[in-house]
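So you can see what is in the structure, the chains are spelled out below.
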Amino acid sequence: MASEFDVCIRGAGIVGRSLALLLARERMRVALVDTAPAPSNSGHGDVRAYALNQLSREVLQSVRSWPEAQYATPVTRMDVYGDQGGEVHFDAAQQRTEALNWIVDVPALEAQLAAAVRYQPMVETVTRPVDARLTVVCEGKHSRTREEFGVEFTTIPYHQTAVATRLRCERPHGQAARQWFSAAGDILAFLPLGGPGGHEVAVVWSLPVSQVEGVKALDDAGLAMALESASQGMLGQLTVCAERAAWPLQQSVARQWCGPMPGSALQDTARAQSWVLAGDSAHAVHPLAGQGLNLGMADIAALARLLTSEDARWRRLSDLRLLRRYERERKARLAPIGLAMDSIQQLFTRPETPLQSLRNWGMRGFESSGPLKSWVTRQAMGVNF
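The structure displayed is predicted, hence computed values, not measured ones.

(A) Highlighting the overall build of the protein chain. The helix and strand tally for the protein chain stands at ten helices and 18 strands. Evaluated residue by residue, the protein chain yields a buried proportion of 53% over its 385 residues. Of the contacts made within the protein chain by residues no fewer than 6 positions apart, 74% connect residues no fewer than 24 positions apart. Put simply, the protein chain shows about 17700 Å² of open surface, and 52% of that area lies on carbon and sulfur atoms.

(B) Structural view of helix H2 (residues 54-62). Listed in full, the buried residues belonging to H2 are Leu 55, Ser 56, Arg 57, Val 59 and Leu 60. Check the buried side of H2 and you find it contacts helix H1 (14-25), strand S3 (49-52), strand S7 (101-105), helix H3 (106-118) and helix H7 (292-307). Residue Asn 53 occupies the N-cap position of H2, its side-chain oxygen lying 3.2 Å from the main-chain nitrogen of Leu 55. Backbone geometry just downstream of H2 places Arg 64 in the positive-phi region, at approximately 55 degrees.

(C) Summary view of H3. Here H3 contains 13 residues, and its C-alpha end-to-end distance of 18 Å stays within 8% of the 18 Å for a straight helix at 1.5 Å per residue. Check the buried side of H3 and you find it contacts H1, strand S2 (30-33), S3, H2, S7 and strand S8 (123-126). For H3, the N-terminal capping position is held by Asp 105, with its side-chain oxygen 3.2 Å away from the main-chain nitrogen of Ala 108.

(D) Up close: the packing of aromatic side chains. Under the counting rule described, the total for this entry stands at five aromatic pairs. Taking the centre distance of 5.4 Å and the plane angle of 35 degrees together, the rings of Phe 149 and Trp 275 count as tilted. Of this pair, Phe 149 sits in the loop between helix H4 (144-148) and strand S10 (153-169) while Trp 275 is found in strand S17 (residues 274-277), placing the two residues 126 residues apart along the sequence. Against the face of Phe 153 rests Arg 146, its NZ or CZ located 3.6 Å from the ring centre.

(E) Representation of the nonpolar core in the model. Ranked by internal contacts, the top residues of the largest apolar core, which has 66 residues, are Ile 9, Val 136 and Leu 307. For this core, the element with the most residues is H7, which contributes eleven residues. Listed in part, the 19 residues of the second largest apolar core include Val 163, Cys 169, Leu 235 and Val 240.

(F) Representation of the pairing of strand S9 (residues 134-137). Side chains Leu 134 and Val 136 project from S9 onto one buried face, and the interleaved Thr 135 and Val 137 project onto a second face that is buried too. Summarising the sheet, strand S1 (residues 7-10) and S9 pair through four bridges and their orientation is parallel. For Cys 8, the partnering residue across the bridge sits in S9 and is Thr 135. Here S9 runs beside S17; their pairing, made up of four bridges, is parallel. Each bridged residue has a counterpart across the sheet, and for Leu 134 the counterpart in S17 is Ser 274.

(G) Looking closely at unusual backbone geometry. Of note, Arg 27 is a non-glycine position whose phi angle comes to about 70 degrees, a positive value. Tracing the chain through its elements places Arg 27 in the loop between H1 and S2. On the basis of relative accessible area, Arg 27 is assigned to the exposed category, the value being 58%. Backbone geometry at Gln 175 places phi at a positive 60 degrees, although glycine is not the residue there. Tracing the backbone through its elements, the reader meets Gln 175 in the loop between S10 and strand S11 (176-181).

(H) Quick look at the side chain of Asp 299. Relative to the elements of secondary structure, Asp 299 occurs in helix H7. Among the polar contacts made by the side chain of Asp 299, one reaches the side chain of His 283 at a distance of 2.6 Å. Among all residues touching Asp 299, those that are not within four sequence positions of it are Trp 257, Ala 278, Gly 279, His 283, Tyr 326 and Arg 330.

(I) Broad picture of the confidence of the model for the protein chain. Counting all residues, the mean pLDDT for the protein chain is 84, and 80% of those residues have values of 70 or more. Predicted confidence is poor over residues 40-44, with pLDDT under 50, and the contacts of this stretch with residues over four places away or in other chains come to five contacts. Residue range residues 381-385 is modelled with pLDDT below 50. Its contacts to residues more than four positions away, or to other chains, number 19 contacts.

(J) Quick look at the packing of H1 against H7. Remark: H1 packs on H7, axes separated minimally by 10 Å, with the N-to-C direction vectors making an angle of 25 degrees. On the basis of their axis angle, the class for H1 and H7 is roughly parallel. Relative to H7, H1 is oriented so that their crossing is right-handed. Of the residues in H7, those in contact with Ile 14, Val 15, Ser 18, Leu 19, Leu 22 and Leu 23 of H1 are Leu 293, Gly 296, Met 297, Ile 300, Leu 303, Ala 304 and Leu 307. Its residues assigned to classes, the contact of H1 with H7 shows eleven nonpolar, two polar and no charged.

Thresholds applied
- Residues numbered from 1 in each chain as written.
- Predicted model: local features only at pLDDT ≥ 70, side-chain atom pairs only at ≥ 80, totals over all residues.
- Heavy atoms only, no water.
- Helix = DSSP H or I, 4+ residues; strand = E, 2+ residues; numbered from the N terminus.
- Buried < 20%, exposed > 50% of the residue type's maximum accessible area, 1.4 Å probe, protein only.
- Contact = heavy atoms within 4.5 Å.
- Areas by Shrake-Rupley, 256 points an atom, 1.4 Å probe, with all protein chains shown as cover.
- Polar contact = N/O pair within 3.5 Å; in protein donor to acceptor, adjacent residues only side chain to side chain.
- Expected span 1.5 Å × (residues − 1).
- Phe/Tyr/Trp six-rings, centres within 6.5 Å; stacked < 30°, edge-to-face > 60°.
- Lys NZ or Arg CZ within 6 Å of the ring centre and 35° of its normal.
- Core = buried A, V, L, I, M, F, W, Y, C linked by side-chain atoms within 4.5 Å.
- Pairing = 2+ DSSP bridges.
- pLDDT = per-residue confidence, 0-100.
- Axes fitted to C-alpha atoms, helices over the stretch in contact; angles between N-to-C directions.
- Parallel < 35°, antiparallel > 145°, perpendicular 65-115°, else oblique.
- Left-handed = near helix turned anticlockwise from the far one by under 90°.
- Nonpolar A, V, L, I, M, F, W, Y, C, P; charged D, E, K, R; others polar.

This is how it looks when you write it as structure tokens:
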């Protein structure tokens, strides 16, 4: 079996399938381990939506898996509101770009990727791991393979839970993503769906654990009223139009991102096998800036670039010197983003009055910062990422 596949990818989510297609395009033989049940066709049963930046879009377009226009709404403006009048506004026109990011419907994206994999002869979907020169773990933050390999996964719990659903809004969203930070410590995000003229938004409401049960107990009408109040009535009357999902929030990072496969013959380079982590199996950040999947897509873009580089042509895919180069590059990129997300989360969930004043003063200062604001915006967009 080792001679049959070059790479075995464990995990057939968005990151895993995208990587399989990237490598197959370069004529690598890929085994994609898919153990998840087939998705149901229950309408809005899956409420997930991701804010994808320019780099993620380019990766998906390169493997012909970018969703149709109605499932990928371009965001031309982002408005962030503090709890004492602080505001920050980001505008695509100021950056001379068509969109800051795109809000992508997850079921539509997964369907595109699944179809692309089916028609890619260099990718074989399997139900259990197989031998290969390189195993890439893309199983998510609860990865069993990472645990089997004994990799330390440091987790910082935020004592917050994200509640997600979708809303039908009285007023059109105007292609704007909106976010509110409240004095009570919750963070509410509305992400536009359904194209430029749409009236639907995806909701991610990050709540302190003390508020979660109360929100979960609300019926749809009660939840709509609570969200209408939290969003300051900006989109008019709201109607819940989907099921709800909830998950605990945390920041996590794996100590080690690559290594030799257990039992691999390290002394025999012809038979050596290695593993590497990508996506949520390697790291997780707070969703307040919508960077989680973008970081995973940047991982696989870097890994695919490295594995198909000129340097890789005379090295084996299992060469740990090659894989450690990927690890160093991605950890260096992740560190400042993780620090920034953690600092913002900590600052905006503390109830002390001095901190409330500080964070709103900081928002007003950032809004008028000029080059700094432009640089941060372009980093979030995936430009030079």
